[in-house]
Amino acid sequence: MVTGSTRVALMRSLFLGVLSAFTNNVVAAAEQEPSDAIFNLSLKELGELKVSIATGTPNSVANAPAVTSVITANDIANLGARTLDEVLQTVPGLYVSLSHANRLDTVYSMRGLHSSNSPHVLLLLDGNPVQWALTGGRPFLYRLPANIVERIEVIRGPGSALYGSDAFSGVINVITKTATNEDAAEMGVRAGSFNSRDVMLNYSGQLGAWRVSTLFSSLATDGDDRRVIQADTQTFLDYAYGTNVSQAPGPLQTGYHVYDFHLKASSETVSTKFWYWTSRDTGNGSGGAQALDPYTKEQFSSYFVDLQYAPVQPVWGWQNRIKASYFNHEADSNFTLLPAGARVPIGADGNIDFANPAGVTLFSEGVIGKPSGVSEDVFLDWITEKSFSSGHALRLSGGYRKQSLDSREWKNFGPGILDGTQESVDGSLVDVSNTEYVFLPDSEREIYHLTFQDEWQLSQNLTFTGGVRYDNYSDFGGTTNPRLALVWDAKQALTAKLLYGSAFRAPSFGELFFQNNPSNIGNPDLKPEKIDTLELAMSYQVTEQLQTSLNIYRYTAENLIEYITTLRGAQASNARDQEGEGIEFEVSWHPGSRFNVSLNGAWQKSYDTDTGYKIADAPARQATLLVNWAIAKQWLLNVNTRWIAGRGRIATDTRPEIDDYSLTDLHLVRTDVVHGLDLGLRVTNVFDRDARDPSVDLMAEDFPLEGDAIWLEASYSL
């Protein structure tokens with residue numbers, strides 16, 4: 001019998017064999033064919049791409065007062081990426097990994113600032129924060145389809161002087177596709193390993209005075225059932241209490257079905273956006289309590305509305321913009337925290353308690369919790385800009401934001417339900433919403449901010465940018481964060497930047513107020529996190545075909561928040577101060593319009609200021625190699641290899657060091673099979689490497705990443 005894994009291996013071997021034979025035969029012919037300008041941006045043109053993420057106003061990548069990367073829709077198409085996470089793996093110094101605390105959620109970390117909730121990198125969608133007030137980071141399991149993206153702009157380094165809280169170690173702005181000057185439509189399908197099936201539909205056109213665009217995506221998969229772990233939390237409870245109910249060995253639960261819809265409309269002075277996202281039948285990874293849970297699924301949904309007015313005529317030379325936005329996120333979690341038949345020590349307060357149990361309770365249908373909630377964010381912003389003949393460009397802004405979170409919960413454990421005297425508990429759930437026994441009290445905060453920025457052309461080759469932002473929080477007061485940048489065009493091919501920035505991160509509602517929770521406990525006395533960063537960045541175009549860049553940084557961070565494990569649970573704490581330093585580099589070679597190679601890498605050293613211990617889980621070294629090759633007329637090949645190395649463990653974790661890994665993906669496309677129809681074949685983890693991301697120390701092994709996989713795709717443009 002041929003297994004699924006065998007079929008994938010056979011298809012991979014066939015793909016590589018055919019590709020090798022094909023390229024050997026066509027390369028000579030390809031060199032003689034006229035150029036299709038497949039990769040039609042020269043290195044100079046790439047450096048002149050305009051980005052607004054660094055200052056809020058358009059600047060070229062080369063002259064932006066920040067360490068900036070840009071990924072275009074064409075880059076994404078070459079990769080064949082399904083999700084935003086897959087695209088961001090190619091950004092220098094950005095580590096995309098799995099959270100060991102939250103359902104194998106994706107973590108974005110930069111420069112050794114690594115946390116299980118990913119709150120230190122601010123994600124924007126069309127310039128609007130995508131945040132969940134519960135954790136401060138992105139909502140859980142937030143998978144964004146890659147086909148909606150027109151461009152991604154990334155800055156590495158602090159961004160609070162422009163964006164406020166959570167722009168701590170970096171900012172990612174995902175700019176979605178919008179209407180062009182011509183009516184256009186595109187559709188696509190993709191199917192592959194793990195019963196994955198995707199559908200994409202895009203349309204843009206004119207409706208009276210309005211340009212309108214719509215984007216729809218559906219991404220679904222059952223997940224890779226080869227990602228098996230041998231033991232989990234329940235394995236240890238089985239050993240301690242004489243039961244045998246753990247679902248391990250068993251696969252991680254990584255299936256999902258995502259729907260994503262965008263509607264944009266714009267006229268000369270008004271623009272509006274609506275976005276809806278939902279994830280259904282979502283697997284919870286290694287389980288809510290690190291115990292495998294193959295039976296229950298979670299549901300998440302978000303919607304966002306934005307209205308912007310920008311009058312054409314300036315007022316006394318100032319160009320104004322007014323913006324109002326609303327973001328709503330609802331989480332409907334559904335956990336069997338421990339499986340049916342589990343015996344658990346319960347304290348007198350009803351919580352799981354290994355230190356001072358009042359008794360041991362049998363949960364005949366499992367330890368069940370359904371924590372849910374709705375978070376809302378309301379934004380009001382005013383921005384005004386003016387350029388002066390003296391070389392100054394001023395930008396002022398002010399705004400208001402209100403965050404609120406309403407929680408609900410049903411469960412069969414905890415305070416108000418148990419007191420440790422019950423010998424057995426069934427699966428009947430008690431509604432503790434709007435009581436003192438809920439996992440989080442309803443919470444809200446208000447934030448006011450003011451920003452000032454001056455871009456000053458000191459001379460023809462020297463530009464200074466200075467900015468400052470003041471934020472006032474209703475729950476902990478005010479914070480001021482400046483930034484300074486000096487950009488020197490030493491000569492046409494060489495640019496140098498000296499950068500300083502300060503940033504902060506406010507504690508999330510969960511970090512402040514979690515309660516009655518077997519996993520995490522809040523701490524209302526938390527202080528905001530702070531960081532100061534100094535950077536030196538240089539880019540040099542060696543020849544018209546060869547571009548290099550290098551940046552060196554050092555930072556000092558204070559009051560970093562971690563959940564510190566105790567016998568009563570993990571409590572949020574300003575656990576440490578941290579220092580870090582590192583180097584990031586990029587080399588791009590474009591010998592012609594049909595071939596290019598880029599290599600980027602990063603080295604970082606980050607450590608606890610007091611103890612000197614290395615920061616756990618963050619890679620000390622990483623690199624990515626990208627090759628794009630038009631191997632023949634209408635045939636495109638992308639090779640993507642990434643290497644992750646030097647991840648350490650926390651000082652108390654006695655397991656062996658985390659293994660380094662390298663993974664290679666291939667993407668082959670045949671364009672215009674008939675007019676407008678493209679066909680593609682993608683193979684990920686081509687060599688089926690056993691790559692893993694760190695787990696918590698109570699697990700016997702680290703979490704396996706996806707094995708080898710293959711996808712077929714088709715897209716049609718009208």
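None of these values were measured; they are calculated from a predicted model.

1. A word on the nonpolar core
Considering soluble globular proteins, one finds that nonpolar side chains tend to be buried as a cluster.
Then comes step 1: Counting residues in each nonpolar core, the largest one holds 54 residues, and the members touching the most others are L84, L88, L94, Y108, I152, I172 and W275.
Then comes step 2: By size, the runner-up hydrophobic cluster in this structure holds 17 residues, among which are L237, F335, L337 and I417.

2. Some remarks on the sheet that holds strand β20 (residues 342-346)
Paired through backbone hydrogen bonds, the strands of a sheet run either parallel or antiparallel to each other.
Then comes step 1: The strand order across the open sheet built from 3 strands is β20-β21-β24, with neighbouring strands paired in mixed fashion. The two strands at the open ends of the sheet, each matched to only one other strand, are β20 and β24 (424-425).

3. Points about the confidence of the model for the protein
Then comes step 1: For the protein, per-residue confidence averages 90 on the pLDDT scale, and residues scoring 70 or more make up 93% of the total.
Then comes step 2: The least confident element of the protein, judged by mean pLDDT, is helix α1 (residues 4-32) at 49; the most confident is strand β37 (residues 661-670) at 97.
Then comes step 3: Counting interchain partners and residues more than four positions distant, the pLDDT-below-50 stretch residues 25-38 has 22 contacts.

4. Re the environment of G188
Then comes step 1: Take G188: it is sitting in strand β10 (residues 184-192).
Then comes step 2: By relative accessible area, which is 6% here, G188 ends up buried.
Then comes step 3: For the pair G188 and E86, spaced 102 residues apart in sequence, the C-alpha separation works out to 18 Å.
Then comes step 4: Apart from residues no more than four positions distant in its own chain, G188 is found in contact with D198, V199, M200, A714 and S715.

5. Digging into the pattern of salt bridges
Then comes step 1: Following the criterion strictly, the structure yields 35 salt bridges and no others.
Then comes step 2: One salt bridge in this structure joins R211 and D183, with 3.8 Å as the shortest N-O distance. Here D183 lies in the loop between β9 (170-176) and β10 and R211 lies in strand β12 (residues 210-221), a separation of 28 residues in the sequence.
Then comes step 3: Looking at R211, the relative accessible area reads 14%, which means it is buried.

6. Considerations on the sheet that holds strand β7 (residues 128-129)
Then comes step 1: Ordered by their spatial adjacency, 5 strands build an open sheet running β3-β8-β9-β6-β7, and the pairing between neighbours is mixed. If you trace the sheet from one side to the other, it starts and ends with β3 (67-72) and β7, each paired once.
Then comes step 2: Sheet topology note: the strand β6 (residues 121-125)/β7 ladder contains 2 bridges and is antiparallel. Bridging from a neighbouring strand, L124 pairs with P129 of β7.

7. Considering the side chain of K497
Then comes step 1: Position of K497 relative to the elements: it lies in strand β29 (residues 494-505).
Then comes step 2: No salt bridge is formed by the buried K497, whose closest oppositely charged neighbour, D489, lies at an N-O distance of 8.5 Å.
Then comes step 3: A polar contact of 2.7 Å, which involves the side chain of K497, links it to the backbone oxygen of A64.
Then comes step 4: Engagement of the side chain of K497 in a polar contact is seen with the backbone oxygen of A66, the distance being 3.0 Å.
Then comes step 5: K497 has contacts with V61, A62, N63, A64, A66, L486, V487, E535, L536 and A537, leaving out every residue within four places of it along the chain.

8. Things to note about the side chain of S508
Then comes step 1: Tracing the backbone shows S508 in the loop between β29 and α7 (509-513).
Then comes step 2: In this structure S508 comes out as buried when scored by relative accessible area, which is 2%.
Then comes step 3: When neighbours within four sequence positions are excluded, S508 is seen to be in contact with A133, L134, T135 and G136.

9. Let's talk about the pairing of β9
Then comes step 1: Counting buried positions over the 7 residues of β9 gives 7, a clear majority of the element.
Then comes step 2: Residues G170, I172, V174 and T176 line one face of β9 and the alternating positions V171, N173 and I175 line the opposite face, and both faces are buried.
Then comes step 3: One ladder, built from 5 bridges, connects β6 with β9; its direction is parallel. In the strand pairing of β9, L122 is matched with V171.
Then comes step 4: Pairing of strand β8 (residues 149-156) with β9 involves 7 bridges; the strand directions are antiparallel. By the bridge assignment for β9, I155 is matched with V171.

10. What to know about the environment of R594
Then comes step 1: Assignment of secondary structure puts R594 in the loop between β33 (569-592) and β34 (595-608).
Then comes step 2: Reaching out from R594, the side chain makes a polar contact with the backbone oxygen of A632 at a distance of 3.1 Å.

11. Some points on the packing of aromatic side chains
Then comes step 1: A complete count under the given rule lists 14 aromatic pairs for this structure.
Then comes step 2: With centroids separated by 6.3 Å and ring planes inclined at 35°, the aromatic side chains of F439 and F514 adopt a geometry described as tilted. Of this pair, F439 sits in the loop between β25 (430-431) and β26 (443-459) while F514 sits in the loop between α7 and β30 (520-521), placing them 75 residues apart in sequence. You'll find F439 and F514 in the same group, each marked buried.
Then comes step 3: Here the aromatic residues Y142, W275, W277 and F327 are joined through ring pairs into a cluster of three or more.
Then comes step 4: Above the ring of Y553, the side-chain terminus of R111 is found at 4.2 Å from the ring centroid.
Then comes step 5: Against the face of Y108 rests R138, its NZ or CZ located 3.8 Å from the ring centre.

12. Notes on helix α6 (residues 233-241)
Then comes step 1: Buried within α6 are the following residues: T233, Q234, L237 and D238. Looking straight down α6, one finds that the buried residues subtend no more than 135° of arc, so they occupy a single side. Of the exposed residues in α6, the ones pointing more than 90 degrees away from its buried face are Y239 and A240.
Then comes step 2: In the core, the buried residues of α6 are packed alongside β19 (335-338) and β20.
Then comes step 3: The distance from a side-chain oxygen at the start of α6 to the backbone nitrogen of Q234 is 3.2 Å, and the residue carrying that oxygen is D232.

13. Section: empty space enclosed by the protein
Then comes step 1: Summed over the entire model, instances satisfying the criterion amount to 11 cavities of 30 Å³ or more.
Then comes step 2: One number sums up the size of the largest cavity: a volume of about 750 Å³.
Then comes step 3: Lining the largest cavity we find 37 residues, and of these E86, Q89, L98, R227 and E706 sit closest to its centre.
Then comes step 4: Of all the secondary-structure elements, those providing two or more residues to the lining of the largest cavity are α4 (84-88), β4 (94-98), β37 and β38 (677-684).
Then comes step 5: Partitioning the lining of the largest cavity into residue classes produces 11 nonpolar, 14 polar and 12 charged.
Then comes step 6: Computed from the structure, the second largest cavity encloses a volume of approximately 190 Å³.
Then comes step 7: Together, 23 residues line the second largest cavity, and P65, A66, P158, G159 and R483 are the ones closest to its centre.
Then comes step 8: For the lining of the second largest cavity, the elements supplying multiple residues, two or more each, are β8, α5 (160-163), β28 (477-491) and β29.
Then comes step 9: Taken together, the residues of the lining of the second largest cavity sort by class into 15 nonpolar, 5 polar and 3 charged.

Rules behind the numbers
- Residues numbered from 1 in each chain as written.
- Predicted model: local features only at pLDDT ≥ 70, side-chain atom pairs only at ≥ 80, totals over all residues.
- Heavy atoms only, no water.
- Core = buried A, V, L, I, M, F, W, Y, C linked by side-chain atoms within 4.5 Å.
- Buried < 20%, exposed > 50% of the residue type's maximum accessible area, 1.4 Å probe, protein only.
- Pairing = 2+ DSSP bridges.
- Helix = DSSP H or I, 4+ residues; strand = E, 2+ residues; numbered from the N terminus.
- pLDDT = per-residue confidence, 0-100.
- Contact = heavy atoms within 4.5 Å.
- Salt bridge = Lys/Arg side-chain N within 4 Å of Asp/Glu carboxyl O.
- Lys, Arg positive; Asp, Glu negative; His and termini not counted.
- Polar contact = N/O pair within 3.5 Å; in protein donor to acceptor, adjacent residues only side chain to side chain.
- Phe/Tyr/Trp six-rings, centres within 6.5 Å; stacked < 30°, edge-to-face > 60°.
- Lys NZ or Arg CZ within 6 Å of the ring centre and 35° of its normal.
- Arc of directions from axis to C-beta.
- 1 Å grid on protein atoms, 1.4 Å probe; cavity = no way out; pocket = protein on both sides within 12 Å on 5 of 7 lines; lining within 4 Å.
- Points joined across faces, edges and corners; volume = space filled by probe spheres on them.
- Nonpolar A, V, L, I, M, F, W, Y, C, P; charged D, E, K, R; others polar.

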